[in-house]
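In case you want the letters, here they are:
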Amino acid sequence: MRFDLMHKTVAGARSVPTSRRGFLKAGAAATGGLVLGFVLPAGGRIARAADAAKPTVYAPNAFLRVAPDNTVTVIVNRLEFGQGVHTGLPMVIADELDADWRQMRAELAPAGDVYKDPVLGIQITGGSGTIAHSFTQYREVGARARAMLVAAAAKQWKVDPSQCRTAQGVVYGPAGRKATYGSLAEAAMAQPVPQTVTLKDQKAFRYIGKPMPRLDARAKSTGRQQFGLDVKPAGTKVAVVAHPPVFGAKVAKFDAAKAKAVRGVIAVLEIPVDRGGSGVAVIADGYWPAKQARDLLAVEWNTGALEKVDSAKQLAQFAALAKTPGTVARKADTSKLAGAAKKISAVYEFPYLAHAPMEPINCTVDLKDDACTLWVGSQFQGIDQAAAAAVVGLKPEQVTLNTMMAGGGFGRRATPTSDFVVEAAHVAKAYKAAGHAGPVKLIWSREDDVRGGYYRPSHVHRADIGLNADGNIVAWDHAIVGQSIMAGTSFEPFMVKNGVDSTMVEGMGEPYDVPLNLTAHAVKANVPVLWWRSVGSTHTAFVMETLIDEAAHAAGQDPVAYRKKLIDAKHVRHHAALDLAVAQSGYGKKTLPKGHAYGVALHEAFNTIVAYVVEASIVDGVPKVHKVTAAVHCNLPVNPMSIEAQIQGAALMGLGTTLPGARITLKDGVVEQSNFNDYTVARMNDMPHIDVHIVPSQDAPTGIGEPGLPPLAPALANAVFQLTGKRLRKLPFDLAAA
């Protein structure tokens, strides 16, 4: 990999008034030391206007702890599930604090108001927002902590703070004086929190912008890292649940005699489950006896009144609906379609997709009369905390949610219904009501997870494009059909605009200057749907980038040159990313081996632009990616090493969507797939060589966790066209049917 970076000066160090983010000092932790907490405004897209107008003063919660041994522990206000925030946010604080990186540590924050996203107003890990939203927030923490440490040293030495400097976790003063942060931490707590701080100039950064190894790498690579599945408080029992085969079905009756006969089984209890259904929980001494017993349950389900989705019929219905006008998302004149010199008509199909994180769903609950403790890898700590509290009849503040490391998620651990957390709370409640005490760990098997719902929605796109004799697009009529992931959630008021779910249409048209008339149909179906890594861009990028490529060929023009002609000059970042990917790949200059071809795609997601140039061939009738040249414009890169990892992982996940078997299908309302034997994900042997190049920038950083996924599939599809002359309209790919 190459890190193509320029280290320019940020537009001046700036003083940040406390009115933007008030601060409170919190009490020392048990180990002693400096602890800082925030008073954050509740404003943001999701917070209520009244709250935004009058910021809530939160109770002090620690964001930074300097211990007597000089270690600095940063409390990370997100979930770490592979994206690197456990390192990125400590890097930001370490730079402003002038800390020694060797002494940096990190902990995941529990549920708490103080840890809410400062932009969105809720505690959330998603939308590639960690660095984008908390960059300045965490810089200010480091800067204020440093100022308080300096003030403590100056007071001790009876000198002016301006006579002191800091470096590598030490305060230096006149006459050779020096003191470690650890020795000053307790005294620093007595200092007033500065009203303003001056943040560093970019050229003074020691860590930001440099490739830094992850703080959690050693623990994870040696097997010492504790994930949610590893949690086992004293006396913990394990629960597995027999879920209804059709979403929302209820238990008609069940026979637990054989299940109760399994050694180690403690209880078999009927409980409510997601979407108004019910299930049967088996609680045992361990996972294996619980699973064995569940497999022996004789359960009859009441499914009579429920819609039973059939994927093939659904896609046909979607295609028919796509031919009709939907709710207008973007209006343009389509009158020139009829007289266009050349026309493109296309229908695209996208299946349901499961998140399938490597660590399946789990949640441990210890319920007592007046308190409840959760251990869970949650992307929605505050929402999950409140949902669990409602189930067990406690106030949210009586529920402690400990955020555990998670082995992947891709959005699945951020469900508005808190489905698996609520299920775990119901299990614990029923277990306690049956006269039992102690923690219960709910575990979903891989089969439970694949069949358990909350999928990337199925979609159909219909496009009709007209080009004039010069190859210019003169009319584009487009319709999208699919389920809304925002309808019925607390996000609906903010994300559904004029009747259109903005996530369904995001990425359509941009960044191209095209006369796009766009409508959308939001349908309802008895299949739970959710955001999936890169959300709407999972399908819109594929449609846009393959259609633009097709238009370029119809116009007899080079696909890269055609794109650049359509991208307005104001989209400087798009041009920069595309130019860098093309230059580094050798596109247009390098002669590829026989049977190989280039494919290009460009897409913006979460304010980050990623351009791919892939080199591919056809092997045994299946497209094979040999090399990916990636160019990323995410503004100021905090940790280039994490950016490389995220692009590599996202590209592989995007490649996985093209592989045979990468789909969730339903028959008579039942999900047909169950595990990795029939639900395909990309594996090690699918991994191509990926070179990542970063466009230099001094601007505030944008997100990186999701934007690398969308452009991979269309880039590969465009390469396949070069090799076969076939336009691929469906995911996953099927060359024989194309």
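A.B. asks: Could you clarify how one ought to interpret the overall build of the protein in this entry?
C.D. replies: The secondary structure content of the protein amounts to 18 helices and 30 strands. Structurally, the protein occupies a C-alpha span of about 85 × 70 × 50 Å along its principal axes. Looking at the 738 residues of the protein, the share that counts as buried comes to 60%. The contacts of the protein with a sequence gap of at least 6 include a subset with a gap of at least 24, amounting to 76%. Summed over all atoms, the accessible surface of the protein reaches about 28,300 Å², with 53% contributed by carbon and sulfur. Separation between the mean location of the 79 positive side-chain charges and that of the 64 negative ones in the protein comes to 3 Å.

A.B. asks: Mind showing me how you'd approach the sheet that holds strand β15 (residues 342–350) here?
C.D. replies: Sheet strands line up and pair through hydrogen bonds in the backbone, either parallel or antiparallel. One open sheet holds the 5 strands; their spatial order is β14-β24-β21-β20-β15, and the pairing between them is mixed. With partners counted over all chains shown, the strands left at the sheet margins are β14 (327–330) and β15, one partner each. With strand direction ignored, the average angle separating the axes of adjacent strands in the sheet is 15 degrees. Direction of pairing for β15 relative to strand β20 (residues 459–467): antiparallel, over a ladder of 9 bridges. Paired with Tyr-348 across the two strands is His-461, which belongs to β20. Contacting β15, β20, β21 (473–483) and β24 (516–523), helix α8 (residues 311–322) crosses the sheet at an angle of about 35 degrees to β20. Contacts from helix α14 (residues 537–554) reach β15, β20 and β21, with the element oriented near 155 degrees to β15.

A.B. asks: What is the right way to read the pattern of salt bridges from this model?
C.D. replies: Scanning the entire structure with this criterion turns up 29 salt bridges. Its salt-bridge partner being Asp-477, residue Arg-462 comes within 2.9 Å of it at the nearest N-O pair. Residue Arg-462 is located in strand β20, and its partner Asp-477 is located in strand β21; the two are separated by 15 residues in the primary sequence. Linking Glu-550 and Arg-729 is a salt bridge whose minimum nitrogen-to-oxygen distance equals 2.8 Å. Of this pair, Glu-550 sits in helix α14 while Arg-729 sits in the segment after α18 (712–724); the two residues are 179 residues apart in sequence, bridging distant segments of the chain. Comparing Glu-550 with Arg-729 shows no difference in burial state: the two are buried. The structure contains a network of salt bridges with shared partners spanning Glu-80, Arg-214, Asp-216 and Lys-220.

What counts and what doesn't
- Residues numbered from 1 in each chain as written.
- Predicted model: local features only at pLDDT ≥ 70, side-chain atom pairs only at ≥ 80, totals over all residues.
- Heavy atoms only, no water.
- Helix = DSSP H or I, 4+ residues; strand = E, 2+ residues; numbered from the N terminus.
- Buried < 20%, exposed > 50% of the residue type's maximum accessible area, 1.4 Å probe, protein only.
- Contact = heavy atoms within 4.5 Å.
- Areas by Shrake-Rupley, 256 points an atom, 1.4 Å probe, with all protein chains shown as cover.
- Lys, Arg positive; Asp, Glu negative; His and termini not counted.
- Charge placed at Lys NZ, Arg CZ, Asp CG, Glu CD.
- Pairing = 2+ DSSP bridges.
- Axes fitted to C-alpha atoms, helices over the stretch in contact; angles between N-to-C directions.
- Salt bridge = Lys/Arg side-chain N within 4 Å of Asp/Glu carboxyl O.

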